[in-house]
Every structure is written in structure tokens, then in C-alpha cells.
Amino acid sequence: MELHQRIVSAPVDFGAIRSEFGLASAYPAEATTEARDAVDAFAGNRIDRTDIPFVTIDPPGAMDLDQALHLDRTDSGFTLHYAIADVGAVIVPGGALDTEAVARGQTFYLPDSTVPLHPPVLSENAASLLPEQTRPAALWTIELDENAEPQRCSVVRALIRSRARLDYASVQADADAGRLHPSIAALPEFGTRRIEAGLARGAIGLRLPAQSVISDDKADGHWRLVLEPRTAADDWNEQVSLLTGMCAARIMLDRTTPSGERIALLRTMPPPPDSAIASIRRTAAALGIAWPAQESVGRMLAGLDPNTPAALVLMSEATGLLRGAAYTVLDGAVADGPAAAPSNGVPPSAGQGEVEPAAGARAEQSNSRRSNSGANTRQSADQPNNLQHSAIGAPYAHVTAPLRRLADRFATEICLALCAGAEVPQWVRDGLSPTTESMRRSDALANKVERACIDLTEATLLAERSGAEFDAVVIREANGSRLAEVFIADPPVAGPCVGSPPEGAAVRVRLVSADPATRKIGFAFPV
């Protein structure tokens, strides 16, 4: 029996983490002035699509709204209109704001604050797709068939106006009650068909619940850990962004500039080694999971009940399949024909008009928030190496979060130019290498900051409970010098465990250390 008081929340100082990792939230004065005075450089050259009743779907309280969508069910399939904040139109290339954004790379999210990529006056106001505000946007139009396979896609500069600001929980509740907003009434059908398309292609999606640090509304300054299971609404909405990123990649791979050059900024990931697939097959067999030899790892994972210990073990191990993510640049003259990357269901180009479909191809699915960032690469434009993103199973690009991620602004500008049959602006080409380096550095930093915040909260919550016993699931067995790893549900914590508990087993473990100063915890088995 545990004799220690059960602590569900505790005061945590995240300021130390901001200092340790050099996260400066204050923006230079000159950059802030540029953001405050920003104007739309294309104000006289936009189509007016304020007639489309867009909605946004974001976490509650979010103000940096990058994306607004409208999805129509048509006689032949679906029409997706996806508006993305047009950050490239309001930032002066080479100016103080541009320079600072390249230095930052992305927005960093801590439990008590954010360190934004752009000043809030821009990212949370003038450029954000807030409801009932007319905003400049890069407007994607994607026409899909009955199976939600893309047939034509294009992107243009437009004016749009969001009608409603929704969140994931409310969308899920409305879907369950049969009262979805008319602008997204077709989202469940669209999302389900897109997910199936990805599985058919061999994409890998992990449905691990997100471990989050949230404020305790019953105790000022206190924080607690929660698990946030993915909902169907999360998955459906994810498909919209993934589809758009895949269409963006195909535009960049299949089209050339008027001067005959191919320019692309892709998000790539190499396929997992055969040894990693063999290892997860052995784990599945040891756990008693039936996995036919012809079935892909993605489909096997999708068929698991995410609430079971076996699923927790297999999905945790599957994170090792999704390594080596990088940004890959193509820039230069090419021979005739598209880049040598299979379309995988995303329509290849037909000249400089809209994109035409590949017959019989399938498309798309999931990305992993836990994938590691690899080295960025610059490849020959006419002899590319690996241009696929293995977790998605297709070429892919980041274009849907420019308020929060630097690369999206540059990839979007390339797509806008190619769809207009224009040369890619020189500032975009000049900025590709600095952008990929900024993303490599900031991705690594963001992962460290997120992990540090969770580790600090875990250690703080458990600091007074040394010697306490917990029910746990063994998510990874010991292997040589590597300790076993266990997960406890209350509070939701994963940590190393001394001893040899069997993988996948439900066991009882004892907390032997929890030190907020080092942000480390440890368990022991048997108790």
C-alpha cells in the first residue's frame, strides 16, 4: 500500500527550460515594427473567394490559425477548398522580420507560453485566419473522385473569410450527434476514404495518445499530466493537410519553371530497414498478434485496439520505423519529364495547367509527430534519389502551417509560381538552403524542449512518492545495457525500469527515483 500522498498536480517552473535552451520570446524591435506595419504585397492581384463559407479547426484558445477549409460532396466525389495563411505576401524578403524568422525556424510550444515564429501582432492577428475577418490566403482547390482520390489540384492567391472557429472535441461531438457544420459535413466520409487509401498504399500511422502538460484549473500555477487520445475528428482533419502536402509535392516534382528548371522543397523520409520490420514482426508474434505475411505494418497497426498493452508496445516500437526525416531541395535545370518519384495516387502534371490524375493510383495517410529529424539534402534536379516520405508513402511537402513553420512559406511560394506558369522568385531560391538548415536545427530543438517540459513535470509530480508502487505495462524489455521501459497510467508517465520485466506484461513496479533537478525518474521490478 502506498503511504505517500497522491499528488495529481504540482508547481512547475518552465522558465528554466526556456533559459536552458535559449528561447527568447521577445522579438527585435525592427522586426516587430515590420510585422505591425505589414501590408499585402498582392492586394491588387487576388481572386475574391469570400463567398466560400470556410471554417477553422484548431485546439481551444489557439490564435495562430493557419488553415481554413470547406469540403463539398459532389456528384462525382468531393471538392476541397483549403485556405492557408499567405505569410509570403506580408513579409518583406531580406527584411528584419524575415531574418528573425529564419533564425527561429518555427514556433516553440511550452505548457505555459509559446515562443512564436512571427510576432503575435502578425501570427495571431493580421495574418491569422480568424473568424469573420477577410484575410489574404493561398487557396488550394482539390477535386477528388468517389474514392477521395485527387483528380485536379491548383493553388492561387485569394481573399477568404472564415465563418466559424471550431475545435477538435466539438467537431467530434457534432459528428457523433449528426450535426456537423455544413462546411465539413462530408469530412467523416472523406477522411475515412483517405485513411483507407493510405493503408492500401502502405503508409504507417501511429495512434499513440499524446502525453501533454496542462494547467490545473483548481490550483494556480500548478500543472498536471494527461493523455489525450486521438479522435476520429483528429484523423479526418489530418487527412486534409496530408492530401494538400502531397499535391504540393507533385506540383513541384512534375512541373518546371518557364526557363526549364525544377525547384522543390520536400519533406522526405527513407523507408525503414528490413531489420526493423523483422524486429517488429518478432515482437508481434511474441505478443500473440496475428500478422499475415502479406499485410503491411501500417495496416497491422491500424487494426489494433489502441487501449491494449499489445498496441502500446507495438506502436512504441514502430516509432523506430519513422526515422531520418529531412528537408530535400531540388533546384536546377532538368531533362524532359517529371522527377523520378512515383505518384502514389497524387495526380502528376499535364503541362502547366491543372494537375491530371494517374489512372488507378491510390493515395496517402499518416505522419508521425515522433519522427526524428535527419540531415537535410540538396539533390540534382534531374537525378533525384529518395523523394518519398515513407510514413505517408508518397512524395510530400510542408505547405499548411506557415504561421508556425518556416519551410511552409517557401514551399507555398514555389507552388504558387508553378501553378501560375511563372518563375520562382529569386528570394525563394536563395532562401532554400538557409531554410532547410533552420528547420533541421529548430526541429531538433523543439523535440528537446517538448521532452524537457514533460520530463520536468513527471519528475516534479513523482518527487514526493519515492518507494511508491504502481501498476504498469512494459512497453520495451531490457536489452543489454538498455533498461526496460514501463508505462504507468496515473499519472501518465513512461520511464526506465531496472530489472527484467517481460515485454507487453502488466506488472507492478516501484518508483526508486524522481529528481526535478535532473528531470529523471526511474522504476524497479520486481517490487
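Preceding this paragraph is the structure being described.
What this report covers is the structure whose coordinates are included nearby. (Residues numbered from 1 in each chain as written. Predicted model: local features only at pLDDT ≥ 70, side-chain atom pairs only at ≥ 80, totals over all residues. Heavy atoms only, no water.)

1. A short note on the packing of aromatic side chains
Stage number 1. Evaluation of the coordinates by the stated rule reveals four aromatic pairs.
Stage number 2. Pairing Phe410 with Trp427 gives two aromatic rings, centres 5.5 Å apart and planes at 70°, and the pair type is edge-to-face. Placement of Phe410 in helix 11 (residues 406-419) and of Trp427 in helix 12 (residues 426-462) is noted, with a sequence separation of 17 residues between them.
Stage number 3. Seen in terms of ring centroids, Phe470 and Phe523 are 6.1 Å apart; in terms of plane orientation they differ by 90°. Their pairing is edge-to-face. (Phe/Tyr/Trp six-rings, centres within 6.5 Å; stacked < 30°, edge-to-face > 60°. Helix = DSSP H or I, 4+ residues; strand = E, 2+ residues; numbered from the N terminus.)

2. Observations concerning the pattern of salt bridges
Stage number 1. The final tally for this structure, using the stated rule, is 34 salt bridges.
Stage number 2. The shortest N-O distance in the salt bridge between Glu20 and Arg519 comes to 2.9 Å. Placement of Glu20 in helix 1 (residues 15-20) and of Arg519 in the loop between strand 18 (506-515) and strand 19 (520-524) is noted, with a sequence separation of 499 residues between them.
Stage number 3. Residue class for Arg519 comes out partly exposed when judged on its relative accessible area of 21%.
Stage number 4. Connected through salt bridges with shared partners, the residues Asp40, Arg46, Asp86, Arg157 and Glu413 form a single ionic network. (Salt bridge = Lys/Arg side-chain N within 4 Å of Asp/Glu carboxyl O. Buried < 20%, exposed > 50% of the residue type's maximum accessible area, 1.4 Å probe, protein only.)

3. Thoughts on the packing of helix 11 against helix 12
Stage number 1. Two numbers describe how helix 11 lies on helix 12: the axes approach to 9 Å, and their chain directions differ by 150°. Comparing the axis directions of helix 11 and helix 12 gives the class roughly antiparallel. Handedness of the helix 11/helix 12 crossing: left-handed. Within the contact between the two elements, helix 11 uses Leu406, Ala407, Arg409, Phe410, Glu413 and Ile414 and helix 12 uses Trp427, Val428, Gly431, Leu432, Thr435, Ser438 and Met439.
Stage number 2. Of the residues contributing to the contact of helix 11 with helix 12, the split by class is eight nonpolar, three polar and two charged. (Axes fitted to C-alpha atoms, helices over the stretch in contact; angles between N-to-C directions. Parallel < 35°, antiparallel > 145°, perpendicular 65-115°, else oblique. Left-handed = near helix turned anticlockwise from the far one by under 90°. Contact = heavy atoms within 4.5 Å. Nonpolar A, V, L, I, M, F, W, Y, C, P; charged D, E, K, R; others polar.)

4. Quick word on the nonpolar core
Stage number 1. The biggest cluster of nonpolar side chains holds 59 residues, and the ones touching the most others in it are Leu80, Trp140, Ile184, Phe190, Met252, Leu265 and Ile414.
Stage number 2. Once residues within four sequence positions are removed from consideration, Leu265 is found in contact with Met252, Tyr327, Thr328, Val329, Ala397, Ala407, Phe410, Ala411, Ile414, Leu432, Thr435 and Thr436.
Stage number 3. Judged by nonpolar contacts, the second largest core, of 37 residues, contains Val213, Ile488, Leu511 and Ala514. (Core = buried A, V, L, I, M, F, W, Y, C linked by side-chain atoms within 4.5 Å.)

5. Here we look at the pairing of strand 11 (residues 222-228)
Stage number 1. Two strands pair when backbone bridges link them, and strand 1 (residues 10-11) and strand 11 are joined in this way by two bridges, in the antiparallel orientation. Of the residues in strand 11, the one forming a bridge with Pro11 is His222.
Stage number 2. Judged from the six bridges that link them, strand 10 (residues 210-215) and strand 11 form a sheet pairing that is antiparallel. From the neighbouring strand, Gln211 faces strand 11, where its bridge partner is Leu227.
Stage number 3. Counted between consecutive antiparallel strands, the loop separating strand 10 from strand 11 contains six residues, among which Gly221 sits at a positive phi close to 80°. (Pairing = 2+ DSSP bridges.)

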